Amino acid sequence: MELSSIKDAFDRVAKKQKLSSSKSQEVVDQVGREIEQALATIQAPNGPSTPVDQKSVLTDLKSKLNAIVALKQLEGPQKELNLSLSKYQKLLEKYFNPDISKAYRNVDFDNHIVNQIIASHFYRQGLFDLGDSIINEAGVLDLTALRLKFMEMHQILEAMRVRNLQPALTWGSANRDELVKIGSNLEFKIHTLQFVEVVQNGTRADALKYARTYLAPFAHLNKDDFQKLMGCLLYAGRLESSPYSDLMSPAHWEMITEELGRKFCTLLGQSYQSPLSVAVAAGVEGLPTLLKLANVMAAKKQEWQAMKQLPVPVELGKEFQFHSIFVCPVSRDQGSEENPPMLLPCLHVLCKQSILKLSKNSTRTFKCPYCPAEATVANCRQLHF
Amino acid sequence: MEMDSLSNGNNTTATASTPATVSPDSSAATARATPTPPPSSTGPQLTEALKLEHQFLRVPFEHYKKTIRANHRAVEKEVSAVISGVTDAASADFSPDDAVNHLNSLVSRLQGLKRKLEEGSRAENLQAQKCRARLDHLESADGENLSEWNSTRLKRILVDYMLRMSYYDTAVKLAECSNIQDLVDIDVFQEAKKVIEALQNKDVAPALAWCADNKSRLKKSKSKLEFQLRLQEFIELVRAENNMRAITYARKYLAPWGATHMKELQRVLATLAFKRDTECATYKVLFEAKQWDFLVDQFKQEFCKLYGMTMEPLLNIYLQAGLSALKTPYCYKDDCTKEDPLSQEAFRTIAMPLPYSKQHHSKLVCYITKELMDTENPPQVLPNGYVYSTKALEEMAKKNDGRITCPRTGSEYNYTELVKAYIS
């Protein structure tokens, strides 16, 4: 898109606006001056003594003023301004999509739900003021529990940002079992951070004591990391110039802070990314295709408002790929429980119905459509993605 | 031969359509010729996303245009009033004192106009600045600041939603705390706020004034908002049993609409025969309080149209598009990943009336790493038929001396028992 040409067009509009506005001011000034001059003439000591003279001054003024206005000093620039205004508007309509609601399906969006989504979004982002504010204005359902949880999360993360690990450690030990259940060694990682702080700022004995008390219980699951940490002890107080300097790097801290955020959300049963951000971002990516589709459908006079499935694929980036979707390369059908993907002995994958068709309902062997290998239904295996 | 075709199949794993009839060799050739497109979120995709921003530029522009028009009209009106004042003076027989007084009043009128003009031109310049700030903002979007730019876009979309829903406090707070005042239309909505609040208090005067302000444009779009407001005022007179005044009112304000809206006019006039407590359904609804809500909605629609806004909040449009694109039958299963917005009840409810997305090609996501399985990270099949990405399985094998545990069934296998699957 040529944003620069749009900007140029706008600059022209602004120029004309300035011109027109200064012209107006000029006209007003001129009219004012003429009137004041006439006033001066009337009031002058040697001015018009008879009503006839006074009248002629006024008539004179009248024709002067009419002349000023008749010069079209007002209309001219205004006309040019109007022209550039409408040109700019047309330009916008040409370069941008003037109506992005064309693909909108006219269903009632439950505003209560949308408000609840927005309030949760604010809480998740740590914008507690805003969350409270919209709940106040919109009367959203009670989200106190969620608010408390996110509040706790943000307090932990905030503390970590100023290198205070206490809240994180407390949370880690309180959720030890849950963390282990999801296969996370996050608690060990937080202790690692703390240990490095002790190594750097405390005595060697302190560090050793910390390692024995807090790191040792995790050692059997994190052998390599544990040994590496113990290696740190050799460089106590001067870690920054040791092979272990990366342990102190802000990036290392950031990584573990982010992981804590992730695991916190996982334990909450929430996603790490705000679902609102994800859905809107997917909308921005998908909307251009949907708008094109709406245009085509309208041209063909086809109704798509009631369709159960979009007639064309809407491609989204891989960050929006949450599910495995198998599409049979032969029938183009989407895999489902009734029609699952099957692995042929030659390791190509087709859907069950395609295999049944190729084998004439399991009555004979068939050739894989992708390679010369033969197969029977019996030696095909169902796959689970 | 079989080995050959397998390695060919490997190459085709993640490529786009390979017609089923094509022989293995040539399919491999097409695979090499067409590399998988990078899943970029910049370049053409950004251009497409920017094209959706019409309202973002249009609204401040409409505001700017409106200010320009109003200023110009004021100048024309005042200047011609002054000139006709002079014309009057020239033809009247004023005493010198009267003439001086008359001219002096014209001079002070001009001074008032001058002040107004200066103010108006300041307003024009401010609004021009706003238009420019938006153009600059669109121009500033590039690969480097994209995630920040996208997060600002979400905030803009949220402010738009909240303004339309009349959650002004939150809208203003969000705009202020993210410093995006120039990128949202709070000032424009201030105008709507007054009208809406009055309508909620059953007062049509500000709404009628707004109609008068925008008369020509409303007429062009054949808006009947003013008529609807007048009807409501008439109903209120009938409700108060002020019948004579109601008739006078109808003569003056409703009759002009007779040519185009006779049916509605007749229906409302019939209420004169009934009263506010009528049980006759046709007329009962006219007295209901929700008529005022309806007027608010009507006003909002006209308001959005006038400023070139979409009829629906941007948030609804984007959410709907996004959820349509994301919706698959798998989203509604219990094991739906939490990262999918459609794992949440709220999003599921909203997405209910929306269509499912469609796929032409397989897209496989590893259950363990949630990463896409493609040529770089091909899917491998366990003897029990469960499929995971090579990356996940390799890591698991490395940690457990070559043993693999299926996370969904608990079965254990050796890494050597796995086979690659070829999915085209």
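Residues numbered from 1 in each chain as written. Chains lettered and ligands numbered in written order. Predicted model: local features only at pLDDT ≥ 70, side-chain atom pairs only at ≥ 80, totals over all residues. Heavy atoms only, no water.

In the annotation of an unreviewed UniProt entry, chain B is listed under the name Protein MAEA homolog and assigned to Arachis duranensis. Under the UniProt heading Subcellular location (unreviewed entry), the entry covering chain B gives this text: "Cytoplasm". (UniProt positions renumbered as here; feature names shortened; annotations may be inferred.)

Looking at an unreviewed UniProt entry, one finds chain A named RING-Gid-type domain-containing protein, with Arachis hypogaea as its source organism. Its UniProt record gives chain A a comment under Subcellular location (unreviewed entry), which states: "Cytoplasm".

### So, helix 9 (residues 186-201) of chain A
Taking 1.5 Å of rise per residue, 16 residues should cover 22 Å, and helix 9 of chain A covers 23 Å from first to last C-alpha, within 8% of that figure. Burial runs high along helix 9 of chain A: 13 of the 16 residues are buried. (Helix = DSSP H or I, 4+ residues; strand = E, 2+ residues; numbered from the N terminus. Expected span 1.5 Å × (residues − 1). Buried < 20%, exposed > 50% of the residue type's maximum accessible area, 1.4 Å probe, protein only.)

### Remarks on unusual backbone geometry
Here A:Arg163, not a glycine, exhibits a phi torsion of approximately 60°, which is positive. As for its placement among the helices and strands, A:Arg163 is situated in the loop between helix 6 (144-161) and helix 7 (166-174). Its relative accessible area of 35% is what places A:Arg163 among the partly exposed residues. In the Ramachandran plot, B:Asn179 falls in the positive-phi region, its phi being about 55° despite a non-glycine side chain. The class for B:Asn179 is exposed, based on a relative accessible area of 62%.

### Notes on the domain arrangement of chain B
By a widespread convention, an interface's size corresponds to the accessible area lost as its parts come together. Residue and element names in this part refer to chain B. Domain assignment breaks chain B into domain 1 (53-183), domain 2 (190-311), domain 3 (315-352) and domain 4 (362-423). The straight-line distance from the C-alpha centre of domain 1 to that of domain 2 is 29 Å. It is Lys66, Arg164 and Tyr168 in domain 1 that bury the most area against domain 2; as a group they hold 50% of the surface buried on that side. Summed over the shared surface of domain 1 and domain 2, the result is 2 salt bridges. Measuring nitrogen to oxygen at the nearest pair gives 2.9 Å for the salt bridge that ties arginine 217 to glutamate 62. Here the side of domain 1 that touches domain 2 gets 6 residues from one element, more than from any other, and that element is helix 4 (residues 54-91). Its residues assigned to classes, the side of domain 1 that touches domain 2 comprises 2 nonpolar, 3 polar and 4 charged. (Domains from an automatic or database assignment. Buried area = accessible area lost by both parts, 1.4 Å probe. Salt bridge = Lys/Arg side-chain N within 4 Å of Asp/Glu carboxyl O. Nonpolar A, V, L, I, M, F, W, Y, C, P; charged D, E, K, R; others polar.)

### Here we look at the side chain of B:Gln232
Here B:Gln232 is to be found in helix 11 (residues 225-239). Ignoring anything within four residues of it in the chain, the contact list for B:Gln232 reads B:Arg239, B:Gln291, B:Trp292 and B:Leu295. (Contact = heavy atoms within 4.5 Å.)

### Quick look at the interface of chain B and chain A
Contacts between the two partners involve 141 residues from chain B, matched on the other side by 130 residues from chain A. Here chain B packs against chain A, burying approximately 12,300 Å² in sum over the two surfaces, 67% of which is carbon and sulfur. Between chain B and chain A we count 7 salt bridges in total. Its residues assigned to classes, the side of chain B that touches chain A comprises 79 nonpolar, 34 polar and 28 charged.

### Section: the UniProt feature "domain: RING-Gid-type" (unreviewed entry) in chain B
In the UniProt entry, the feature "domain: RING-Gid-type" (unreviewed entry) is given for residues 336-409 of chain B. Within the segment residues 336-409 of chain B, helix and strand shares are 23% and 12% respectively, and the terminal C-alpha atoms sit 17 Å apart.

### Thoughts on the pattern of salt bridges
Taken as a whole, this structure holds 37 salt bridges over all chains when the rule is applied. One salt bridge in this structure joins B:Glu48 and B:Lys51, with 4.0 Å as the shortest N-O distance. Of the two residues, B:Glu48 and B:Lys51 both sit in helix 3 (residues 44-51), 3 residues apart, roughly one turn of that helix. Relative accessible area serves as the criterion here: at 26%, B:Glu48 is assigned to the partly exposed category. One salt bridge connects B:Lys284 with B:Glu279, and the closest N-O pair in it is separated by 3.7 Å. On the basis of relative accessible area, B:Lys284 is assigned to the partly exposed category, the value being 34%. Residue class for B:Glu279 comes out exposed when judged on its relative accessible area of 63%. Because the salt bridges share partners, they merge into one network encompassing A:Glu93, B:Arg58, B:Glu62, B:Lys65 and B:Arg217.

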